[in-house]
Amino acid sequence: MVRQVLLAFLVSAGTVFGLTGCAVEADGVDVPREPAASLISVVRSDFDVVVFGGSPSGVAAAVTAAERGEKHGHRVALISEYPTVGGAISNGLGAADIGGKSAVTGYADRFFQGVRDTYDDAGAWNVTPSDAEEIFRGHLSDAGVEVFTDETLESVAKSGEQIDCITTTRSQYCGPVFVDATYTGELAAAAGAPHRLGYGDWFDYDEPRAERVWKVLSKLEPEDVSGAEAAFAENPYVTTGVPPSASWVDDASDGRISMTYRLCVTKDENNRVPFAKTGNYERYADGWRRWQGGLTWGVQLAGHGRVTGPVQIVPTQDGKWDFNNGHGFANVPAPDGLFTGERDAVFDQLEDYQRNWMWFLQHETPEGVRESMAGFGLCADEFTDNENWPYEPYIREGRRIVGEETLTMHNIDDPAQRVAEESIAIGTYHVDNKPSEYRYWDGVMYRDWASYAAVPWYEVPRGVIHPVNLDNLMVTVNVSATPRAHGSVRMEPQYMAMGEAAGAIAFSSLLTAVPPVDADWQSVDYVLRMNGNVRKLSLVCEGMTTARHRMAAGLDPVTCEPSALKGNRR
């Protein structure tokens, strides 16, 4: 994949040796939250590495590049679109999905070690939003990363296949290396990277286990059918007036990515803000009442204190819980406006919708649901300047780039393709593709079937983070993957590993004066090994103590070679 390209993308030769020197607003610390129009800066800020996106993947990329480049004077900027850094984990995702704990290495392990240290608990993995952000910010500060928050991307300046500068609502950032670590692929799209969005390409890769069908979610009671279409038409996340096709194949192009707010909730009366309905409650509730009439609700208290059913509520720390959607109505298809410059309106609508949904669960559902939800409210000491509501929702998939390589289910299921020559992460989480559409027709609420399947562990090839047409941009969240495979690789520990790899590639790129896509793999591999990042199945397997664990990972219990995983459908 290496292309012999001269270093035409450098803003100046001095950037390689850290000799950039333009002044930066507020010495690189967070800009206060004020109307963006009053803060637009004329200062040109030159950096060696510019990371756009404050997700955990972005933090990992920035910290790795800054720590390795410190003695060379490299300057690294991390720009977040929101007031926080740490993305979903700092915005309510306290119980991050971890498929295999022994595969959490490098920066991801450092973060979770910070979680354990924070709570003085060797078994801690879950974290509260404010504590997560404190850990992330500590790492950024120690590494000397210059952090900028609340900045929206406005434009991208390019020269051929290189990004030269990006302009945000507050400043301009120039440099030889860029990383897109946003959940929606903002920088990649603005820079012209080819990408895919939604499920329109679901059947394009001849993948195993790609079946997907329509599911009858609820058959309305006869007395609820009259007026139901008008009621559901008021719900911005339900399609009405369009019957589902006989096969979901014909409707795949309508499938949209899903999002929800992961809420930090508590029952502590001294720290609880009760849920309250808004003026739009009846707009949604009429449809919800009809919908639930055809359901058999199931609620149970699962292991480790988890409440499951229409919601999933998992304890984190300090009497706080992570609220996630279960078999309910809070995981919704993302409106097109999320990707067409209407982000704030999309977020406001979802917040209003979900506040009302929480009140509905507590007051208008069957007794078992009401009892399981009783006493929960928002945490008064989290997001204190945002009415205790997260600043950003949990967006499960954005614009998947077209990269030098594409991760498919063949790379996951086929033992011969499960090992990558240049591996940047190990994938361990099962395939988890959420529903992409709710559709009401003729007394029935349909939903496309959520797609779940156990998978063997696999190596993620380096080429998935390199867009095919941009030599100095790496994309570490919306990587090049099929929708099906993305449902496995999209978890935060794996995002952090891919971000860390991008940081190492950035450092090697700067030292050897080649674009990131051409950075020498041996030097990248060395940096990652020095960080304790293990990306080879054979090495992880050697650390497993039992044959049972090796077999569960799809590895031969004796040789550690990838093998077929039996019984991997569910």
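Every value quoted in this text rests on a predicted model; they were computed, and no experiment measured them.

Observations regarding the side chain of Glu81
Positionally, Glu81 belongs in the loop between strand E3 (76–79) and helix H2 (106–119). Given the relative accessible area of 9%, Glu81 is considered buried. A polar atom in the side chain of Glu81 sits 3.0 Å from the side chain of Arg343. Those residues within four positions of Glu81 in sequence are excluded, and the remaining contacts are Phe52, Asp150, Glu151, Thr182, Glu186 and Arg343.

Some thoughts on unusual backbone geometry
A negative phi holds for most residues other than glycine; trans holds for most peptide bonds. With a phi angle near 60°, Asp150 is a residue other than glycine that sits in the positive phi range. Its location among the elements puts Asp150 in the loop between strand E4 (146–148) and strand E5 (153–159). Taking relative accessible area as the criterion, Asp150 reaches 16% and is therefore assigned buried. Residue Asp318 is not a glycine yet carries a positive backbone phi of 55°. Residue position: Asp318 is located in the loop between strand E17 (311–315) and strand E18 (320–325).

Describing the packing of aromatic side chains
When we look at a pair of aromatic rings, we describe it by the centre distance and by the angle of the planes. With the rule as written, the count across this model stands at 28 aromatic pairs. The interplanar angle of 40° and the centroid separation of 4.7 Å between the aromatic rings of Phe329 and Tyr438 together place this pair among those described as tilted. Note that Phe329 is positioned in the loop between E18 and strand E19 (332–333) and Tyr438 in strand E25 (residues 438–441), a separation of 109 residues in sequence. Classification of Phe329 by relative accessible area gives buried; the value is 0%. Exposure remark for Tyr438: the relative accessible area of 2% places this residue in the buried category. The structure contains a cluster of three or more aromatic residues connected by ring pairs, namely Tyr237, Tyr284, Trp288, Trp291, Phe329, Tyr353, Trp357, Phe360 and Tyr438. Sitting over the face of the ring of Trp125, Arg116 holds its NZ or CZ atom 4.9 Å from the ring centroid.

A closer look at the pairing of E17
Two faces, one strand: in a regular strand the side chains alternate between the faces of the sheet. One ladder, built from five bridges, connects E17 with E18; its direction is antiparallel. Within E18, the residue paired with Val311 across the bridge is Asn325.

Quick notes on the packing of H2 against helix H12 (residues 492–512)
The geometry of H2 relative to H12 is characterised by a closest axis approach of 7 Å and an angle of 125° between their N-to-C directions. Here H2 is positioned oblique relative to H12, judged by the angle of their axes. In contact with Gly106, Tyr107, Ala108, Phe111 and Phe112 of H2, H12 contributes Pro493, Met496 and Glu500. Residues belonging to the contact of H2 with H12 are distributed by class as follows: six nonpolar, one polar and one charged.

Thoughts on the state of the cysteines
According to the stated counting rule, one finds two disulfides in the structure shown. The disulfide partner of Cys165 is Cys174, and the S-S distance across this bridge is 2.0 Å. Residues Cys165 and Cys174 are joined by a disulfide whose S-S torsion is about 105°; by sign, that bridge is right-handed. We classify Cys174 as buried; its relative accessible area is 0%. The residue that forms a disulfide with Cys541 is Cys560, at a sulfur-sulfur distance of 2.1 Å.

Analysis parameters
Position labels on residues start from 1 in each chain and follow its written sequence. In view of the model being predicted, local features appear only for residues whose pLDDT reaches at least 70, and side-chain atom pairs are presented and counted only at 80 or more, with totals across whole chains, interfaces and linings using the full set of residues. In computing side-chain properties, one takes all heavy atoms of the structure into account and sets aside hydrogens as well as water. Counting from the N terminus, the helices are the DSSP runs of H or I reaching at least four residues and the strands are the DSSP runs of E reaching at least two. Summary of the burial criterion: residues with accessible area below 20% of their type's maximum are buried, those above 50% are exposed, and those between are partly exposed, where the area comes from a 1.4 Å probe applied to protein chains only. Polar contacts, as counted here, are pairs of nitrogen or oxygen atoms within 3.5 Å of one another; within protein the pair requires one atom able to donate a hydrogen and one able to accept it, and residues that are adjacent in sequence qualify only if both atoms are side-chain atoms. Only heavy atoms enter the contact rule, under which two residues are in contact if any of them lie within 4.5 Å. Each Phe, Tyr or Trp ring, with Trp reduced to its six-membered ring, pairs with another whose centre is within 6.5 Å; inter-plane angles below 30 degrees give stacked pairs, above 60 give edge-to-face pairs, and intermediate values give tilted ones. By definition here, charges over rings are those cases where NZ of Lys or CZ of Arg is within 6 Å of the ring centre and within 35 degrees of the ring normal. In short, DSSP must find at least two bridges between two strands for them to pair. An axis is simply a line fitted to the C-alpha atoms; with a helix, the fit covers only the stretch in contact. Between two such axes, the angle follows the N-to-C directions and lies from 0 to 180 degrees. Our angle categories are set so that under 35 degrees counts as roughly parallel, over 145 as roughly antiparallel, 65 to 115 as roughly perpendicular, and the remainder as oblique. Gly falls in the polar group here, along with every residue not listed as nonpolar (Ala, Val, Leu, Ile, Met, Phe, Trp, Tyr, Cys, Pro) or charged (Asp, Glu, Lys, Arg). Disulfide assignment relies on a single distance test, namely cysteine sulfur atoms paired within 2.5 Å.

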